[in-house]
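Results of the structural survey
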Amino acid sequence: MANIIGKNIKTLRVEMGLSQSNIAGFLNVDQSLISKVEKGERILSADMLEKLACLFGVSIDAIEGSAIEASSLSFAFRSSNLSAKDLETISAINRIALNSEYMAELLKG
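Scope of this entry: the structure provided in the associated data block. Just so we're clear, the structure is a prediction, and the values are computed from it rather than from any experiment.

1. Concerning the packing of helix α1 (residues 2-16) against helix α4 (residues 46-56)
For the pair α1 and α4, interaxial distance at closest approach is 11 Å and the crossing angle is 35°. Pair α1 / α4 crosses with left-handed handedness. In this structure, α1 contributes Ile5, Ile9, Leu12, Arg13 and Met16 to the contact, and α4 contributes Leu49, Leu52, Leu55 and Phe56. Partitioning the contact of α1 with α4 into residue classes produces eight nonpolar, no polar and one charged.

Written out as structure tokens, the structure reads:
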């Protein structure tokens, strides 16, 4: 399972054009942990997985799934120097969008 999660995190990270250092700063961990997670050597806490899911605009189930799908919430970045604070803001916006999609599904019945 750790290998699948690590592979999916790397796929999503690369898809967003983020470095391991960007993700490490966002999670407030060392970059070497992100490297080990992507290699399947370490696992992240549930809280960290939730933060990454919001950042990437996907569900935790998608990160844990065998085949990650491109996020419908993805958008283009115009900066290569995103700070942890910038990523927090992106994560908050994605969380709102994900919650909105969830609420819409609930209203459908």
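2. Remarks on the packing of helix α2 (residues 20-27) against helix α6 (residues 84-108)
Viewed as axis vectors pointing N to C, α2 and α6 meet at an angle of 75°, and their least axial separation amounts to 8 Å. Accordingly, the angle class assigned to the pair α2 and α6 is roughly perpendicular. Residue-level inspection shows Asn22, Gly25 and Phe26 of α2 in contact with α6, the latter providing Ala84, Leu87, Glu88 and Ser91. Grouping the amino acids of the contact of α2 with α6 by side-chain chemistry returns three nonpolar, three polar and one charged.

3. So, α1
With 15 residues, α1 ought to run about 21 Å at 1.5 Å a step, and its terminal C-alpha atoms sit 21 Å apart, in line with that. Taken together, the buried positions of α1 are occupied by Ile5, Gly6, Asn8, Ile9, Leu12, Arg13 and Met16. One face of α1 carries all of its buried residues, which in axial projection span an arc of 165°. Looking at α1, the residues exposed on the side facing more than 90 degrees away from the buried face are Asn3 and Lys7. Each element contacted by the buried residues of α1 is listed here: α2, α3 (31-38), α4, α5 (60-64) and α6. Positioned one or two residues after α1, Gly17 has a phi angle of 75°, which is positive.

4. Looking at the side chain of Glu38
Relative to the helices and strands, Glu38 resides in helix α3. Here Glu38 falls in the buried class, since its relative accessible area comes to 10%. Engagement of the side chain of Glu38 in a polar contact is seen with the side chain of Arg13, the distance being 2.6 Å. For Glu38, the residues in contact, after removing those within four places along its chain, are Gly6, Lys7, Ile9, Lys10, Arg13 and Gln20.

5. Re the pattern of salt bridges
All told, the structure shown has four salt bridges when counted by the stated rule. Linking Arg95 and Glu50 is a salt bridge whose minimum nitrogen-to-oxygen distance equals 3.3 Å. Taken together, the residues span a long stretch of sequence, with Arg95 in helix α6 and Glu50 in helix α4 at a distance of 45 residues. With its nearest N and O atoms 3.1 Å apart, the salt bridge here joins Glu88 to Lys51.

Cut-offs and rules
Residues numbered from 1 in each chain as written. Predicted model: local features only at pLDDT ≥ 70, side-chain atom pairs only at ≥ 80, totals over all residues. Heavy atoms only, no water. Axes fitted to C-alpha atoms, helices over the stretch in contact; angles between N-to-C directions. Helix = DSSP H or I, 4+ residues; strand = E, 2+ residues; numbered from the N terminus. Left-handed = near helix turned anticlockwise from the far one by under 90°. Contact = heavy atoms within 4.5 Å. Nonpolar A, V, L, I, M, F, W, Y, C, P; charged D, E, K, R; others polar. Parallel < 35°, antiparallel > 145°, perpendicular 65-115°, else oblique. Expected span 1.5 Å × (residues − 1). Buried < 20%, exposed > 50% of the residue type's maximum accessible area, 1.4 Å probe, protein only. Arc of directions from axis to C-beta. Polar contact = N/O pair within 3.5 Å; in protein donor to acceptor, adjacent residues only side chain to side chain. Salt bridge = Lys/Arg side-chain N within 4 Å of Asp/Glu carboxyl O.

Everything listed here is a matter of coordinates, which is why it stays silent on function.
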